[in-house]
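The residues making up each chain are set out below.
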Amino acid sequence: MDKKLLNKTALITGSSRGIGKETALKLADLGCNVIINYVKNKVLAEEVVEQIKQKGVNSYAIKCDIGDSEQIKSMFSEIKEKSKTLDILINNAAFGALGNSMKIGRMTWNMTMNVNTTGLLLCTQNSVKIMNEGGKIVNISSLGSSFCLPDYIAIGTAKSAIETMTKYLACELAEKKINVNAVSAGFVDTEALDFFKNIDEMKKQVIEKTPSKRIATPEDIANIIVFLCQKESEWITGQTIIADGGFSLRF
């Protein structure tokens with residue numbers, strides 16, 4: 001395999017499983033060193049680190065709650081000490097509890113915004129300080145930014161903010177030759193779907209509406225993220241790439 005990202009270093013937030021993990025492994029296949037961020041499951045994070053090292057590149061895991069500004073500051077101090085610089089930041093970490101707009105509490109709302117928006121901004125600010133010219137930043141959004149999903153108001157609002165932030169960051173960081181884009185994923189077969197009520201019925205409806213008649217895998221989304229991390233994508237910036245297999249094309 002062509003090592004297009006040889007000697008590059010990436011930080012992926014929330015990368016011990018799901019889309020983050022799959023992206024980490026694919027970046028490693030291209031020769032990229034990968035820093036794994038996790039908040040709870042150290043065992044899973046270390047397993048991903050070992051899988052990456054087996055591909056002949058460097059990797060280590062850092063525990064950090066992306067909703068906590070002090071922990072973010074500490075994480076980047078460690079990155080600066082161990083890796084010196086960054087070439088890629090993938091803002092994948094997410095948090096959000098489901099709840100009706102008339103019932104959702106302030107604490108749930110604030111926690112959702114802290115991780116999905118404030119945390120994303122702080123990680124970006126800290127990354128840019130040590131990011132090499134030609135750096136890539138990819139933010140992970142979802143169709144909930146544009147479509148009303150059941151009890152998804154907090155997460156959907158946060159995802160909308162992410163897509164707007166992507167545009168502003170792209171404009172402001174262009175002079176530093178840093179590309180910023182987002183990937184808006186449709187329904188992806190990960191543990192996150194388990195939080196929805198009547199998930200089996202929801203999956204059935206999604207499959208019926210999707211032209212390709214299936215739900216996305218983490219690999220489907222990771223493939224797009226990895227492309228946006230490569231030099232060939234440098235003329236794409238400030239964009240939100242919708243990756244839903246055509247789901248949103250139909251009523």
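As shown above, the structure is provided for reference.
How each quantity is defined
Residues numbered from 1 in each chain as written. Predicted model: local features only at pLDDT ≥ 70, side-chain atom pairs only at ≥ 80, totals over all residues. Heavy atoms only, no water. Axes fitted to C-alpha atoms, helices over the stretch in contact; angles between N-to-C directions. Helix = DSSP H or I, 4+ residues; strand = E, 2+ residues; numbered from the N terminus. Parallel < 35°, antiparallel > 145°, perpendicular 65-115°, else oblique. Left-handed = near helix turned anticlockwise from the far one by under 90°. Contact = heavy atoms within 4.5 Å. Salt bridge = Lys/Arg side-chain N within 4 Å of Asp/Glu carboxyl O. Buried < 20%, exposed > 50% of the residue type's maximum accessible area, 1.4 Å probe, protein only. 1 Å grid on protein atoms, 1.4 Å probe; cavity = no way out; pocket = protein on both sides within 12 Å on 5 of 7 lines; lining within 4 Å. Points joined across faces, edges and corners; volume = space filled by probe spheres on them. Nonpolar A, V, L, I, M, F, W, Y, C, P; charged D, E, K, R; others polar.

What follows deals with the packing of helix H1 (residues 18-29) against helix H7 (residues 218-228). Running from N to C, H1 and H7 point in directions that differ by 50°, and their axes come no closer than 8 Å. It follows that H1 is oblique to H7 by the angle criterion. Where H1 crosses over H7, the two elements pack in a sense that is right-handed. Facing H1, whose interface residues are Gly 18, Ile 19, Glu 22, Thr 23, Lys 26 and Leu 27, H7 presents Pro 218, Glu 219, Ile 221, Ala 222, Asn 223, Ile 225 and Val 226.

Further remarks concern the pattern of salt bridges. Counted according to the given criterion, the structure contains seven salt bridges. The salt bridge involving Lys 82 is made with Glu 78; its shortest N-O contact spans 2.7 Å. One end of the pair, Lys 82, and the other, Glu 78, are both in helix H3 (residues 69-82), four residues apart, so they sit about a helical turn from each other. Classification of Lys 82 by relative accessible area gives partly exposed; the value is 47%.

Turning to empty space enclosed by the protein, a few remarks are in order. Over the atoms rolls a probe the size of a water molecule, and in doing so it shows where empty space is left. Tallied over the full model, the rule gives one cavity of 30 Å³ or more. When residues of the lining of the largest cavity are traced back to their parent elements, those giving at least two are helix H4 (106-130) and helix H5 (153-173). Top element by residues in the lining of the largest cavity is H4. It accounts for three residues. Grouping the amino acids of the lining of the largest cavity by side-chain chemistry returns six nonpolar, four polar and one charged.

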